[in-house]
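Survey of secondary and tertiary structure
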2 protein chains.
Amino acid sequence: MREITGFSNPLVKQVRSLRDKKHRRAEGKFLAEGLRILTEALDAAVAPEMLWRTPDSAGHPLVQRLEAAAGETFVTSADILSKLSGKDNPGSVVGVFAEFPTPLEALDRGKADIWIVAQALRDPGNLGTILRTGDAVGAGGLILIDDCTDPFSVEAVRASMGAIFTQSVSMARWPEFMAWLRSGPGQLVGTSLNTTTDYQAARYDAPTFILVGNEAQGLPADYEAACDLLVKMPMRGKADSLNAAVATAVMAYEVLNQRRRSGGLERYA
Amino acid sequence: MREITGFSNPLVKQVRSLRDKKHRRAEGKFLAEGLRILTEALDAAVAPEMLWRTPDSAGHPLVQRLEAAAGETFVTSADILSKLSGKDNPGSVVGVFAEFPTPLEALDRGKADIWIVAQALRDPGNLGTILRTGDAVGAGGLILIDDCTDPFSVEAVRASMGAIFTQSVSMARWPEFMAWLRSGPGQLVGTSLNTTTDYQAARYDAPTFILVGNEAQGLPADYEAACDLLVKMPMRGKADSLNAAVATAVMAYEVLNQRRRSGGLERYA
């Protein structure tokens, strides 16, 4: 355990730099903050390489558990913790973790009946919320297509509420993803305005890959054309679309509900 | 039409101050930005008191339509527009609108089968997303209980994607809300972890009031006790809760789906 008191300490500067994607990629590390999220990490058998905590958190049993698991612990002020995470009130702990994206070819598509695929998703809150929903519906993981916002940003990790540690995260270009998808079983289901198929009228087969598009543009036409199925949700108001994380959740719960009714999804060849 | 070129113009300062809740309340006005959202406002027959636009947007048909409807138009630089909205890229228009919360007693509960009630909601993105979902499911409006984040903040308005103009918004304390609710028909349905009733096993009667709690704490115990029905969504992962806007949407679509199946919800006395 080391005590760090100065804002100008080089280690503070280095950890703080992990708020930038460029530095995360260069170092292969990312930040997570708050007892709840760090405990989720431990429960998923992921320990922080560094644990930063305030002096007064020493007696907390969860902090002690984290400290026992962490590579190294640093005791510092609440102000410095805020500086590390960029949040006014980051709670009593900040952790530095190794990034662990899963290469597509290492994904075990048989481990879950639902997978979520997001294309050019730009909002870190949406991305984190989709991870959190993925965890809730028992999805296998999230596959990010094209230029998505970074799943390891502080904002995305925060919105995931720890699901960044329980869901597989893969990143791929579209042709690479399609080649992988078609190399095994899987039904690709796009949410789209360009269909008349109601999302409750369709039958989902396992594993179902739910494909959601960019917040502003939706899915490109050729991506929609490559789907096995396009569905849409009823829209009863003035607007023609839902928030991307909301649309993903409504779809994912429909797939889960069909599975609950049938006692399992049909396998899709 | 007036041209405004200086950052120090008192009108710029005054409009910019509407980013603070204190000033919004004092002036009874709020900001909305972007062509898409301002067009939603017009479509809902709500015109901006002031329209701020960039010079190069003059030829755009939607801008012309907005300008014809606006109380007054100001032409200014993109930099000043950014300063007004606090967003790097606010698009080509910013509007100043009169706040229009609806008093509880003025709500017509018979106009819709679904209403959303949020308690101590803190995140403006969640609030705006819930408004957007409300519009999508044909809800009548959003009732905010206790200390919620301001629905007229720039962030909430942005996340609503214009639904702030199509959904009724009311604000009330809990006892006041309950007195109003019980003065007429309505089923109060809380989403909760403290029940074994699956959200798909319950029957929803119209009008259904979906009650969602604070992001971190959920609903207070006595609020849950006052509900006609508590339901929970299946959670298949490590976490025990969904994002508040996601939970609201999954619930709201279930109510809508039951209504679609039955050709209408049963009236609830």
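Conventions and cut-offs
- Residues numbered from 1 in each chain as written.
- Chains lettered and ligands numbered in written order.
- Predicted model: local features only at pLDDT ≥ 70, side-chain atom pairs only at ≥ 80, totals over all residues.
- Helix = DSSP H or I, 4+ residues; strand = E, 2+ residues; numbered from the N terminus.
- Rg over C-alpha atoms; globule rule 2.2 N^0.38 Å.
- Contact = placed C-beta atoms within 7 Å.
- Nonpolar A, V, L, I, M, F, W, Y, C, P; charged D, E, K, R; others polar.
- Pairing = 2+ DSSP bridges.
- Axes fitted to C-alpha atoms, helices over the stretch in contact; angles between N-to-C directions.
- Domains from an automatic or database assignment.
- Parallel < 35°, antiparallel > 145°, perpendicular 65-115°, else oblique.
- Left-handed = near helix turned anticlockwise from the far one by under 90°.
- Least-squares fit on C-alpha atoms with pLDDT ≥ 70 in both.
- Buried ≥ 20, exposed ≤ 12 C-beta atoms within 10 Å, placed from the backbone.
- Right-handed = clockwise from strand over helix to strand, strands pointing away.
- Core = buried A, V, L, I, M, F, W, Y, C linked by C-beta atoms within 7 Å.

Thoughts on the overall build of chain A
Each helix and strand in chain A was counted, giving 10 helices and 11 strands. In terms of overall size, chain A behaves like a compact globule, its C-alpha atoms giving a radius of gyration of 20 Å where 269 residues would be expected to give roughly 18 Å. A principal-axis box enclosing the C-alpha atoms of chain A has dimensions of 60 × 35 × 35 Å. Taking the intrachain contacts of chain A between residues at least 6 apart in sequence as the baseline, contacts between residues at least 24 apart amount to 78%.

What to know about the environment of threonine 73 of chain A
Positionally, threonine 73 of chain A belongs in strand β4 (residues 72-75). Separated by 22 residues in the primary sequence, threonine 73 of chain A and leucine 51 of chain A place their C-alpha atoms 4.7 Å from one another.

Description of the interface of chain A and chain B
At the junction of the two partners, chain A supplies 32 residues and chain B supplies 32 residues. Those elements giving two or more residues to the side of chain A that touches chain B turn out to be α3 (35-43), α6 (124-136) and α10 (244-262) of chain A. Counting residues per element, the side of chain A that touches chain B draws most heavily on α10 of chain A, which supplies eight residues. Grouping the constituent residues of the side of chain A that touches chain B by class yields 15 nonpolar, 10 polar and seven charged.

Regarding the sheet that holds strand β6 (residues 114-119) of chain A
All names here are of chain A. With respect to topology, six strands assemble into an open sheet ordered β8-β7-β6-β10-β9-β11, the strand pairing being parallel. Looking at which strands have only one partner, the edges of the open sheet turn out to be β8 (168-172) and β11 (229-231). Recorded for the sheet is a direction-independent mean angle of 25° between the axes of neighbouring strands. By the bridge criterion, five bridges tie strand β7 (residues 141-145) to β8 in an arrangement that is parallel. Each bridged residue has a counterpart across the sheet, and for isoleucine 145 the counterpart in β8 is alanine 172. Taken strand by strand, α6 contacts β6 and β7, and its axis lies near 145° from that of β7.

Focus on the domain arrangement of chain A
All names here are of chain A. Per the domain assignment, the segments of chain A are domain 1 (2-98) and domain 2 (104-262). Relative to domain 2, the C-alpha centre of domain 1 lies at a distance of 30 Å. At the interface, 15 residues of domain 1 touch 10 residues of domain 2. Elements with a minimum of two residues in the side of domain 1 that touches domain 2: α2 (21-27), β2 (29-33) and α3. Among the residues making up the side of domain 1 that touches domain 2, the classes are represented as seven nonpolar, two polar and six charged.

Re the packing of α6 of chain A against α10 of chain A
All names here are of chain A. Where α6 contacts α10, the axes come no closer than 9 Å and their chain directions differ by 15°. Classed by the angle they form, the pair α6 and α10 counts as roughly parallel. The two elements α6 and α10 cross, and the hand of that crossing is right-handed. Here Asn126, Thr129, Ile130 and Thr133 of α6 come into contact with α10, specifically with Ala244, Ala245, Thr248, Ala249 and Ala252.

Section: the relation of the copies chain A and chain B
Mapping chain A onto chain B calls for a screw motion: a turn of 180° about the axis and a shift of 0.0 Å along it, with 0.0 Å RMSD after fitting. Such a combination of turn and shift is consistent with a two-fold rotation axis. A share of 100% of the interface residues of chain A reappears at the interface of chain B, consistent with the copies meeting face to face through the same patch.

Concerning the sheet that holds strand β7 (residues 141-145) of chain B
Residues and elements named next belong to chain B. The strand order across the open sheet built from six strands is β8-β7-β6-β10-β9-β11, with neighbouring strands paired in parallel fashion. At either margin of the open sheet sits one strand with a lone partner, and together these are β8 (168-172) and β11 (229-231). Shown here is a sheet whose adjacent strand axes are inclined to one another by a mean of 25°, direction ignored. The pairing of strand β9 (residues 187-191) with strand β10 (residues 208-212) spans four bridges and is parallel.

A few points about the pairing of β7 of chain B
Residues and elements named next belong to chain B. Most of β7 is tucked away, with five of its five residues classed as buried. Bridge analysis of strand β6 (residues 114-119) against β7 gives four bridges, and the strand direction is parallel. Its bridge partner being in β7, alanine 118 is matched across the sheet by leucine 144. Traced from β6 through helix α6 (residues 124-136) to β7, the parallel crossover comes out right-handed. In this fold, the crossover linking β7 to β8 by way of helix α7 (residues 154-160) has right-handed handedness.

Quick notes on the nonpolar core
One finds Ile210 and Ala252 of chain A together with Ala118, Ile210 and Ala252 of chain B to be the most contacted residues of the largest nonpolar core, which totals 160 residues. The contacts of alanine 118 of chain B, once residues within four sequence positions are left out, are Leu127, Ile130, Leu142, Leu144, Ile145, Cys148 and Val212 of chain B.

Description of the packing of helix α3 (residues 35-43) of chain B against helix α4 (residues 61-69) of chain B
Residue and element names in this part refer to chain B. With their axes 10 Å apart at the nearest point, α3 and α4 run at an angle of 50° to one another. With respect to α4, the axis of α3 lies oblique. Relative to α4, α3 is oriented so that their crossing is left-handed. Listed contacts from α4 to Leu35, Leu38, Thr39 and Leu42 of α3 are Leu62, Arg65, Leu66 and Ala69.

Regarding the pairing of strand β5 (residues 93-98) of chain B
Side-chain positions along a regular strand alternate between the two faces of the sheet. All names here are of chain B. β5 sits mainly inside the fold: five of its six residues count as buried. Where strand β2 (residues 29-33) meets β5, five bridges bridge the pair, whose relative direction is antiparallel. Bridging across to β5, lysine 29 finds its partner in alanine 98. Judged from the four bridges that link them, strand β3 (residues 50-53) and β5 form a sheet pairing that is antiparallel. Among the inter-strand pairings, arginine 53 is bridged to a residue of β5, identified as valine 93.

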